[in-house]
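Okay, here's what each chain looks like letter by letter:
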Amino acid sequence: MTAKRPWNLPERCVTPESAYLNRRSLLAGATGAAAATLLPPVSRARAEADPSAGLYTAPLNGRFADAGRAVTPEAINTSYNNFYEFGTSKDIAAAAEALQVRPWTIAIDGLVETPRTLGIDDLLKSVTLEERIYRHRCVEAWSMVAPWTGFPLRALVEQAKPLASATYLRFETFMDPEMAPGQKPSLFGGGLPWPYVEGLTVAEATNELAFVVTGAYGKPVAKSMGAPIRIHLPWKYGFKSIKSIVKITFTDQRPASFWEQLQASEYGFWANVNPDVPHPRWSQATERVLGSDERIPTVIFNGYGEWVAHLYKGLENERLWA
Ligand code: MTE
């Protein structure tokens, strides 16, 4: 997300949606030998049985049933992604099919009563899944609306039984350069601080809005969107919503995130959405709605202030907005 580094492709932020989608439909429409050379063999991987498939769909939570805008078509949401482990463009969906989502474990460690490792399917059995329609605002000034399925992050925090001394959660994505070539130092990953790390305060993580995502569009979440388990924090810029999580550490130290390590002047810890605080290189006043040619005004906390504004009282001296 920075233009100063060799691995960065700034044009991806400005490609008009229509041009991007035209290219996708051209690819989808390609036939015969041409298609064989253009499209990687992803259909076989997609056919893999997912043991959690029967858990979807889940009941819609009435408090988050309407995002005030149309849900973004699934085909866009699953094919226009930021997932740097699989490439620096938005077009990583085919590469992300290499993500092996079973077996999958999540280690819970640090300042907790008993550190342990949870298998994803055991975790899924221990929670109540629900659907929520959330707005998602990327720091690059585009947005979409996703119908997530998952459970409140608060439920996972309660299961973890943190010690009173724990004030932060540090999340970590898998590290496997063979599976995810973006992590190879020899490719564009050179110099990137893998694995992807993000952090939240315990107060943020236990807010009603903070959501663990395991599904989307009524089925297990697509690999390109961070299967098999990610979080979504709709009041923060999208980079806080870490994908494909393998470890959650409770700590009393503020975690340094992937983007903060890379470019602290542009990407900080809090990263709450605010139209009045520009990114150092572009305005945050408006956002491009994926799937349309519309640009709409951005709203503070992405419109979720009634849930979260109180979390930041007394923290006005912090860099809350970037
Ligand atoms: N998590 C990991 N592990 N790797 C990433 O590159 N990108 C982040 C976030 N989580 C990212 C990640 C960014 S910049 C955004 S905007 C969102 O994922 C994008 O989520 P989406 O592809 O489902 O829209």
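Conventions used here
Residues numbered from 1 in each chain as written. Predicted model: local features only at pLDDT ≥ 70, side-chain atom pairs only at ≥ 80, totals over all residues. Heavy atoms only, no water. Helix = DSSP H or I, 4+ residues; strand = E, 2+ residues; numbered from the N terminus. Buried < 20%, exposed > 50% of the residue type's maximum accessible area, 1.4 Å probe, protein only. Contact = heavy atoms within 4.5 Å. Arc of directions from axis to C-beta. Near = heavy atom within 4 Å. Polar contact = N/O pair within 3.5 Å; in protein donor to acceptor, adjacent residues only side chain to side chain. Areas by Shrake-Rupley, 256 points an atom, 1.4 Å probe, with all protein chains shown as cover. 1 Å grid on protein atoms, 1.4 Å probe; cavity = no way out; pocket = protein on both sides within 12 Å on 5 of 7 lines; lining within 4 Å. Sits in = over half its atoms within 2 Å of the grid points. Nonpolar A, V, L, I, M, F, W, Y, C, P; charged D, E, K, R; others polar. Salt bridge = Lys/Arg side-chain N within 4 Å of Asp/Glu carboxyl O. Phe/Tyr/Trp six-rings, centres within 6.5 Å; stacked < 30°, edge-to-face > 60°. Lys NZ or Arg CZ within 6 Å of the ring centre and 35° of its normal.

Looking now at the overall build of the chain. Across its full length, the chain carries 10 helices and 12 strands. Counting every position in the chain, which comprises 322 residues, the buried fraction comes to 54%. Across the chain, every contact between residues at least 6 apart in sequence was considered, and the portion connecting residues at least 24 apart equals 74%.

Time to look at helix H7 (residues 153-160). Where H7 is concerned, the buried positions are Leu153, Leu156, Val157 and Ala160. Seen end-on, H7 carries its buried residues on one side only, within an arc spanning 100°. Of the residues flanking the end of H7, it is Lys161, one or two places downstream, whose phi is positive at about 50°.

The immediate surroundings of the ligand are formed by 19 residues, with Tyr84, Glu85, Arg230, Ser241 and Lys243 found nearest. Asn82 places a polar main-chain atom, nitrogen or oxygen, 3.2 Å from a nitrogen atom of the ligand. Contact distances for the ligand include 3.0 Å between a nitrogen atom and a side-chain N or O atom of Thr173. When the ligand is considered free in solution it has 530 Å² of accessible area, and contact with the protein chains removes 100% of it. In this structure the site holding the ligand corresponds to the largest cavity. Residues that form the shell around the ligand fall into these classes: 10 nonpolar, 6 polar and 3 charged.

Before going further, it helps to spend a moment on the pattern of salt bridges. Oppositely charged side chains are able to pair whenever their charged atoms sit close together. Within this structure, the stated rule accounts for 15 salt bridges. Arg63 is the salt-bridge partner of Glu208, the closest N and O atoms lying 2.8 Å from each other. With Glu208 in the loop between helix H8 (202-205) and strand E7 (211-216) and Arg63 in the loop between helix H3 (43-46) and helix H4 (74-77), the pair connects residues that are 145 residues apart, well separated along the chain. Accessibility expressed as a relative area gives 24% for Glu208, which makes it partly exposed. Here Glu140 and Lys90 are joined by a salt bridge, their closest N and O atoms 2.9 Å apart. With Glu140 in the loop between strand E3 (130-137) and strand E4 (142-152) and Lys90 in the loop between H4 and helix H5 (93-96), this residue pair connects regions lying 50 residues apart in the sequence.

Before going further, it helps to spend a moment on the packing of aromatic side chains. The final tally for this structure, using the stated rule, is 20 aromatic pairs. Ring centres of Tyr80 and Trp142 lie 5.3 Å apart, and the angle between their planes is 85°; on these two criteria the pair is classed as edge-to-face. With Tyr80 in the loop between H4 and H5 and Trp142 in strand E4, this residue pair connects regions lying 62 residues apart in the sequence. For the residue pair Tyr80 and Trp142, the accessibility class agrees, reading buried in each case. Considering the side-chain rings of Phe301 and Tyr312, the 5.7 Å spacing of their centres and the 20° angle between planes classify their relative orientation as stacked. Taken together, the positions of Phe301 in the loop between strand E12 (295-297) and helix H10 (305-308) and Tyr312 in the segment after H10 put the pair 11 residues apart, joining distant regions of the chain. Just as Phe301 is buried, Tyr312 falls in that class too. Each residue in the set Tyr84, Trp194, Tyr196, Phe239, Phe258, Trp259 and Tyr267 is aromatic and connected to the rest through ring pairs, giving one cluster. Taking NZ or CZ as reference, Arg135 lies 4.3 Å from the ring centre of Tyr304, over its face. A cation over a ring is seen here: Lys240 above Phe269, with NZ or CZ 4.5 Å from the ring centre.

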